[in-house]
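# A structural walkthrough
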Protein chains: 4
Amino acid sequence: MTDEPQRGGRPRDTRVDAAILAATRTLLAEVGYGALTMDLVAGRANVGKAAIYRRYAGKQDLVFAAAVHGRTLDPPPDSGDLRTDLRWLVGGIARSLSSPETRAALPALLADVTADDDVADRFMRTFVAEERAYVETILDQARRRGDLRTPVDAEVVHSLVLGAIFARIYLLRKPADKAYQHEVTDLAAKALTEGAR
Amino acid sequence: MTDEPQRGGRPRDTRVDAAILAATRTLLAEVGYGALTMDLVAGRANVGKAAIYRRYAGKQDLVFAAAVHGRTLDPPPDSGDLRTDLRWLVGGIARSLSSPETRAALPALLADVTADDDVADRFMRTFVAEERAYVETILDQARRRGDLRTPVDAEVVHSLVLGAIFARIYLLRKPADKAYQHEVTDLAAKALTEGAR
Amino acid sequence: MTDEPQRGGRPRDTRVDAAILAATRTLLAEVGYGALTMDLVAGRANVGKAAIYRRYAGKQDLVFAAAVHGRTLDPPPDSGDLRTDLRWLVGGIARSLSSPETRAALPALLADVTADDDVADRFMRTFVAEERAYVETILDQARRRGDLRTPVDAEVVHSLVLGAIFARIYLLRKPADKAYQHEVTDLAAKALTEGAR
Amino acid sequence: MTDEPQRGGRPRDTRVDAAILAATRTLLAEVGYGALTMDLVAGRANVGKAAIYRRYAGKQDLVFAAAVHGRTLDPPPDSGDLRTDLRWLVGGIARSLSSPETRAALPALLADVTADDDVADRFMRTFVAEERAYVETILDQARRRGDLRTPVDAEVVHSLVLGAIFARIYLLRKPADKAYQHEVTDLAAKALTEGAR
DNA sequence: CATTAACCGAGACGGTACGTCCCGTCTTATC
DNA sequence: GATAAGACGGGACGTACCGTCTCGGTTAATG
């Protein structure tokens, strides 16, 4: 986001903020990312284009804010059981990646963002960091309980779980439903606990 | 592809076919998907734009053909050992997703695919089906050897392995190097064989 | 025209010649010069484009041949009376410039042709030369009869008469009907005979 | 012209208006109508193509505005002498049709006009109407002086004079120089005054 | 009678201009 | 100084024609 607020003069109109985001979400659902035009958003929100560019650096930034940002997981529970913790993680990621807005925006966002390494790193950090911390928490707890085979990298576990959900939805184009979540949780638990103790 | 062959008249020039694909691949690696222009491809291939549009419906179609189509894995080996088979699978997918052309093209392609169900089907057939068959072969062989815990779905295994590599490269933006491949192979083997026998 | 015939081999098919010209004339009337495409002519005539280009150097050449060429005046009569001779000249030019095909083709042809001085001179000569000779004949006869004021240039007279008809039809966009022809003839006769004898 | 003005927002930049017309006039003289490209005009004027298409419906519209519109004759003098008035008329028309821009644009424009009746009306109003009024003025003055043979139609006189100059330049492709202007003036004066008084 | 050279329809070829669309910035008048 | 409106420079898109070339096949005159 651009969003360094102004110093003097008339303050930003919060109704404009809301209208922009609402129009973006509506249009994402109606026409998809590709046909979502800045002019279109401005028109739908009854807002000038400048008002959008004053808030967001561009289309990617806008869509990221409207469709992806803030969809955060609840904090991890520490159920005392690795499998339960994993089920919670898998469910959270699945829910986050399954929302209609995310489904409409994420692939194109990923594409736009991949084109520029700087932007990409920033976006990915935002997208990934919180989840990563939760994975580490879960693994630490399990390690403390002695439920884990010794050397296991949180980054690898994260890529496995996140990748499994992402691939299911965006590569294989099937729903990441409860049954699938269960299978993934099960396999992950087996992999992490095999040979432990 | 467009590609309905003509009935009479001058046949398509295969040298033009080749020049277009070669130029596309070169330019994907040189400038990336975003800066890849139809005029640029035409110029590099010494070809008229019409010659491209005669063959491909647009940029997506062209890039799909140039970057994804025909990039097939070697046939699966049946080493007699599940872990070795998995290592081969993981390595093949990693190699396929790591090529500069694929790295340049895949995210944008994925975005296009998500936006259009027709394209999606074609994409799935090409990108996913062959790999899936290999996964099934590997699992069947392991099952026949009795190395497998009973109920395991090839589709789930595929999404796990493919997702792990994809997430590593395109979401976490790190190389899917040998060390990573080994970790994924190891975890997958553990998950699949846990409790077997 | 291109039209240097071949030395050996199969001779040109006269049915093709006719079909090309017929299609051109039909299409000139149907869609006008601007929308008349070589492909369109070829398609309508059931003929390959090469067959057209074997006969004509290009669109202008084709249209010139189809719509303008050969529309020649009858030979001048020498009625013994300048006014009568002028009426014949005016009528002939008016008839020639009024035909539907000429009306459809001439302005655009003039435009295309004006773009290239060499082509322009060639076309104009063809278009103009015969008429010019007739004007000279008429003036000579009048001069011999003593009906003419002394110094009068055939080129100027020609430009006056031709221009009057052309301007009437193509600049003012009104029919060069009998009444108009009569007025022009009358004025021309007055101008040429004023002060004679 | 397109030219329906906007209601709010940034107004059209008159410097852009001027730059577009200037570039068009320059390029008409430099390269002619055929080689005059919209991109070329945009580039020369340092203007986006959209800025041109916002003002003009296409190449014809642009060229019409640049080359023909507003090129008006000076007001007619009333010298008290028909021949002098005619010389002025002939000279004015000749000057107007001889300018490099008009020479480059008029034939193509005429072609476009002939192809589209709507355009034709606009063309006629601009190109023809003012001149016609002048012809009528001149004839009226002469008539009041009694210098004119009785029934003479301004439209016919206009077509004669205009046609003579047009034919000289665009059909015979010779300069409408002083000598030619004198001959035309002379013949016209003779035709109009023959038998008068 | 066989050869041969130019013909034939069909349509792909390189090239070029078209007019449309979108991006992200800038410029008005208004609040 | 923020706002709605919308013009601005820039640049890619996909379409349409031009005039040439290439394919398989045909047809008359030559040898």
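No experiment lies behind these values; they were computed from the predicted model shown.

## Description of the UniProt feature "DNA-binding region" (unreviewed entry) in chain A
In the numbering used here, UniProt assigns the feature "DNA-binding region" (unreviewed entry) to residues 37-56 of chain A. Within the segment residues 37-56 of chain A, helix and strand shares are 75% and 0% respectively, and the terminal C-alpha atoms sit 14 Å apart.

## Structural notes on the relation of the copies chain B and chain A
For the match of chain B to chain A, the screw axis carries a shift of 0.0 Å, the RMSD comes to 0.8 Å, and the turn is 179 degrees. The superposition operator between the copies reduces to a two-fold rotation axis. In this assembly, 97% of the residues forming the interface of chain B have copies in chain A that are likewise at the interface, indicating an isologous arrangement.

## Brief notes about the protein's contact with DNA strand E
In the vicinity of DNA strand E, 47 residues are found, and the nearest of them are B:R54, B:R55, C:R54, D:M38 and D:Y53. Sugar and phosphate atoms represent 66% of those atoms of DNA strand E found within 4 Å of the protein. The contact in question runs from a phosphate oxygen of DNA strand E to an N or O atom on the side chain of A:Y53, over 3.0 Å. C:R10 has a polar side-chain atom sitting 3.0 Å from a base oxygen of DNA strand E. At the level of secondary structure, the elements contributing two or more residues to the surface near DNA strand E comprise α3 (49-55) of chain A, α3 (49-55) of chain B, α3 (49-55) of chain C together with α2 (38-45) and α3 (49-55) of chain D.

## Observations regarding the nonpolar core
Across soluble globular proteins, nonpolar side chains show a tendency to be buried alongside one another. Among the nonpolar cores identified, the biggest contains 147 residues, and C:L97, D:L97 and D:F166 are the most heavily contacted of them. Core analysis: the next-biggest nonpolar cluster, separate from the first, contains 146 residues, A:W88, B:L28, B:F123 and B:V156 among them.

## A few points about the domain arrangement of chain A
Think of interface size as the accessible area that goes away when the parts come together; that is how it is often given. In terms of domains, chain A is made up of domain 1 (2-55) and domain 2 (70-195). The centre of domain 1 of chain A, based on its C-alpha atoms, is set 31 Å off from the matching centre of domain 2 of chain A.

## Quick look at unusual backbone geometry
Glycine aside, residues mostly have negative phi angles, and peptide bonds mostly take the trans form. Even without being a glycine, A:N46 presents a positive backbone phi close to 50 degrees. Along the chain, the position of A:N46 falls in the loop between α2 (38-45) and α3.

## A few points about the pattern of salt bridges
In the structure shown here, the tally under the stated rule is 43 salt bridges over all chains. With a closest N to O distance of 2.6 Å, A:D117 and B:R173 form a salt bridge. One end of the pair, A:D117, is in helix α7 (residues 117-145); the other, B:R173, is in the loop between α8 (154-171) and α9 (178-193), on a second chain. B:R168 serves as the salt-bridge partner of A:E155, at 3.7 Å between the closest nitrogen and oxygen. Within this pair, whereas A:E155 is found in helix α8 (residues 154-171), its partner B:R168 is found in helix α8, the two belonging to separate chains. Note on accessibility: A:E155 and B:R168 belong to one class, buried.

## Digging into the packing of aromatic side chains
Residue and element names in this part refer to chain A. This structure, assessed with the given rule, holds ten aromatic pairs over all chains. Here the aromatic rings of W88 and Y134 are separated by 5.7 Å at their centres, their planes lie at 55 degrees, and the arrangement is tilted. Placement of the pair is W88 in helix α5 (residues 82-98) and Y134 in helix α7, with a sequence separation of 46 residues. Since its relative accessible area comes to 13%, Y134 is described here as buried.

## What about the relation of the copies chain C and chain D?
Once turned by 179 degrees and shifted 0.0 Å along the axis, chain C lies on chain D with an RMSD of 0.8 Å. In this assembly, 95% of the residues forming the interface of chain C have copies in chain D that are likewise at the interface, indicating an isologous arrangement.

## A short note on the arrangement of the chains
Chain C makes no contact with chain A, the minimum C-alpha separation between the two being 33 Å. In this view chain B stays clear of chain C, with the nearest C-alpha atoms of the two still 10 Å from each other.

## Structural notes on helix α7 (residues 117-145) of chain D
All names here are of chain D. With 29 residues, α7 should cover 42 Å at 1.5 Å per step; its first-to-last C-alpha distance of 40 Å lies within 8% of that length. The largest bend in α7 amounts to roughly 40 degrees and is located at V128. Looking one or two residues beyond α7, the residue adopting positive phi is G146, at roughly 75 degrees.

## A few points about the interface of chain B and chain A
Across the boundary between the two partners, chain B contributes 37 residues, which contact 38 residues of chain A. Carbon and sulfur atoms make up 68% of the area that chain B and chain A hide from each other, which totals about 3,700 Å². Among the residues chain B hides against chain A, the three largest losses belong to B:L171, B:R173 and B:L187. Together they make up 19% of the total. At the boundary of chain B and chain A, one finds five salt bridges. For the interface between chain B and chain A, the tally reads five residue pairs in polar contact (both at pLDDT 80 or more). Of all elements in the fold, only α6 (100-115), α7 (117-145), α8 and α9 of chain B reach the threshold of two or more residues within the side of chain B that touches chain A. The element contributing the most residues to the side of chain B that touches chain A is α8(B), with twelve residues. Looking at side-chain class alone, the side of chain B that touches chain A contains 22 nonpolar, three polar and twelve charged residues.

Rules behind the numbers
- Residues numbered from 1 in each chain as written.
- Chains lettered and ligands numbered in written order.
- Predicted model: local features only at pLDDT ≥ 70, side-chain atom pairs only at ≥ 80, totals over all residues.
- Heavy atoms only, no water.
- UniProt positions renumbered as here; feature names shortened; annotations may be inferred.
- Helix = DSSP H or I, 4+ residues; strand = E, 2+ residues; numbered from the N terminus.
- Least-squares fit on C-alpha atoms with pLDDT ≥ 70 in both.
- Contact = heavy atoms within 4.5 Å.
- Near = heavy atom within 4 Å.
- Polar contact = N/O pair within 3.5 Å; in protein donor to acceptor, adjacent residues only side chain to side chain.
- Core = buried A, V, L, I, M, F, W, Y, C linked by side-chain atoms within 4.5 Å.
- Buried < 20%, exposed > 50% of the residue type's maximum accessible area, 1.4 Å probe, protein only.
- Domains from an automatic or database assignment.
- Salt bridge = Lys/Arg side-chain N within 4 Å of Asp/Glu carboxyl O.
- Phe/Tyr/Trp six-rings, centres within 6.5 Å; stacked < 30°, edge-to-face > 60°.
- Expected span 1.5 Å × (residues − 1).
- Bend = angle between axes of the 7 residues up to and from the residue.
- Buried area = accessible area lost by both parts, 1.4 Å probe.
- Nonpolar A, V, L, I, M, F, W, Y, C, P; charged D, E, K, R; others polar.

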